[in-house]
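The primary structure of each chain is shown beneath.
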Amino acid sequence: MGEVTTLVAVHGVLPEHRYQQDQITQAFAEVCLGDESAANVALLRRLHANCCVDARHLSLPLERYRELADFTEANDEYVRVATDLAEQAVVGALQEAGLRPEDVDIVFSTTVTGLAVPSIEARIAAQVGFRPDVKRVPMFGLGCVAGAAGIARMHDYLLGHPDQVAVLLAVELCSLTVQRDDRSMANLVASGLFGDGAAAVVAVGGAHARAGDGPTVLDTRSHLYPDTQRTMGWDIGAAGLTIVLDAQVPALVEQYLGGDVRSLLAEHDLTVDDIAHWVSHPGGPKVIEAIERELALRPDALEMTWRSLADVGNLSSVSVLHVLRDTLAKRSPMPGTPGVLMAMGPGFCAELVLLRW
């Protein structure tokens, strides 16, 4: 297969607690605003409705969120739920790939919604059955872009180790970061947009026996945009992780993303019109619309992205992996057709992955 990476399995999991958006709005009015007055609930309802999210899965029963006393308690819940979802995701992905845990040579893990030392992949290693000499690369701070960045970094590694097996694990429990009594627009929007979930991807190098048994990674592109550090991220303090979310994200998409995509495609003698499959992170309605405008995509090009946003919300780094799973499961790509997987996140930055089915 040469210098390519094959994605042989993608498995997504979600917490058991699923609620309709209006149920979450009512409960989070008290958490975020400190009361449930008609005016405040109406404000939150408008913001949440604009997110185009129908339902979300949450780490805890809805009534538990108002009981979380502080960051310590929220982070303890993060570690408990994250390890459970992580084990489910990795075991499921390996089963789908037809590979054993002891076959795995390296694990990349990413999260940005909780802190755990040892990191999550280390906490599940014994239960999953990884070898004691498995390499571990925990990544914190990439946020929404990390699903795409993780696939890109797996590809970088497998180019140098083409006979090996790599796993990417992403776990995000965004609901546990919602701030109490915080009426900032960023916190209110985040309380309506983000959900919880996990996903794992199994990949092999070009010399592995499973090479070619799935979509292959042909190339990647990273771009860190100048003067955008306060566009997206966290302020970390006594209250925990307080979201930074600027309204200029769609404008940055229009300023940079089209050029990045076209430049990557041109290096492979491709154009936007040649791309049969668009696997995009669902950053939010305005972000998705900006991508559609900037790339002049056909109306159904981001159907899976819109559907994922409606069904489960924005899962940060996990989302683009769920969209990839849905694309693989619900469409029957013609062999050899090109695709682009992409996400943007804190930095502010973008990661692009050129795929071939």
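Rules used throughout
- Residues numbered from 1 in each chain as written.
- Predicted model: local features only at pLDDT ≥ 70, side-chain atom pairs only at ≥ 80, totals over all residues.
- Heavy atoms only, no water.
- Domains from an automatic or database assignment.
- Contact = heavy atoms within 4.5 Å.
- Buried area = accessible area lost by both parts, 1.4 Å probe.
- Salt bridge = Lys/Arg side-chain N within 4 Å of Asp/Glu carboxyl O.
- Polar contact = N/O pair within 3.5 Å; in protein donor to acceptor, adjacent residues only side chain to side chain.
- Helix = DSSP H or I, 4+ residues; strand = E, 2+ residues; numbered from the N terminus.
- Nonpolar A, V, L, I, M, F, W, Y, C, P; charged D, E, K, R; others polar.
- Expected span 1.5 Å × (residues − 1).
- Bend = angle between axes of the 7 residues up to and from the residue.
- Buried < 20%, exposed > 50% of the residue type's maximum accessible area, 1.4 Å probe, protein only.

Draft legend 1. Broad picture of the domain arrangement of the protein chain. When cut into domains, the protein chain gives domain 1 (5–204) and domain 2 (216–356). Once you take the C-alpha centre of each, domain 1 and domain 2 turn out to be 18 Å apart. Every contact between the two is made by 55 residues of domain 1 and, on the other side, 45 residues of domain 2. Taking both sides of the interface into account, the surface hidden between domain 1 and domain 2 amounts to around 3,700 Å²; carbon and sulfur atoms contribute 69%. Together, Val10, Cys144 and Val145 form the three largest contributors to the area buried by domain 1 at its contact with domain 2, with a combined 16%. Taken together, the links from domain 1 to domain 2 amount to one salt bridge. Where Arg153 meets Glu351, a salt bridge forms, and the shortest distance between an N and an O atom there is 3.4 Å. At the surface where domain 1 touches domain 2, the tally comes to 13 residue pairs in polar contact (both at pLDDT 80 or more). Elements with a contribution of two residues or more to the side of domain 1 that touches domain 2: strand S1 (5–13), strand S3 (55–58), helix H5 (146–160), strand S6 (165–173), helix H6 (185–193) and strand S7 (196–204). Per-element tally for the side of domain 1 that touches domain 2: the top contributor is H5, with nine residues. When the residues that make up the side of domain 1 that touches domain 2 are grouped by side-chain class, the tally is 30 nonpolar, 17 polar and eight charged.

Draft legend 2. View of helix H7 (residues 249–266). For H7, built from 18 residues, the straight-helix expectation of 26 Å at 1.5 Å per residue is met to within 8% by its first-to-last C-alpha distance of 25 Å. Along its length, H7 reaches its greatest deviation from straightness, about 40 degrees, at Tyr256. Looking only at H7, the buried set comprises Val249, Pro250, Leu252, Val253, Tyr256, Leu257, Gly258, Asp260, Val261, Leu264 and Leu265. In the core, the buried residues of H7 are packed alongside strand S8 (216–224), strand S9 (232–237), strand S11 (277–280), helix H8 (285–295), strand S12 (338–345) and strand S13 (349–356).

Draft legend 3. Spotlight on the pattern of salt bridges. Here the structure, examined in full by the defined rule, presents 20 salt bridges. For the salt bridge of Arg153 with Asp156, the shortest nitrogen-to-oxygen distance reads 2.8 Å. Separated by three residues within a single helix, Arg153 and Asp156 lie in helix H5, roughly one turn from each other. Among the ionic pairs, Arg298 bridges to Asp300, the shortest N-O distance being 3.0 Å. Where salt bridges share partners, they join Arg64, Glu67, Glu73, Glu77 and Arg80 into one cluster.

Draft legend 4. How the structure looks around the environment of Leu245. Considering the arrangement of structural elements, one finds Leu245 in strand S10 (residues 240–245). A relative accessible area of 27% places Leu245 in the partly exposed class. Taking C-alpha positions, Leu245 is 8.9 Å from Val189, a pair spaced 56 residues apart along the chain. The residues contacting Leu245, other than those within four sequence positions of it, are Ala186, Val189, Thr231 and Met232.

Draft legend 5. Helix H10 (residues 319–330), seen in detail. Compared with the 16 Å implied by 1.5 Å per residue over 12 residues, the 16 Å span of H10 between its first and last C-alpha is a close match. Along H10, the residues classified as buried are Ser319, Val320, Leu321, His322, Val323, Leu324, Asp326 and Thr327.

Draft legend 6. The arrangement of the side chain of Ser191 in detail. As for its position among the elements, Ser191 is in helix H6. Accessibility expressed as a relative area gives 0% for Ser191, which makes it buried. Looking at Ser191, its side chain comes within polar contact range of the main-chain oxygen of Leu188, at 2.7 Å. Apart from the residues lying within four places of it in its own chain, the contact partners of Ser191 are Ile24, Phe28, Cys32, Leu44, His48, Arg56 and Val178.

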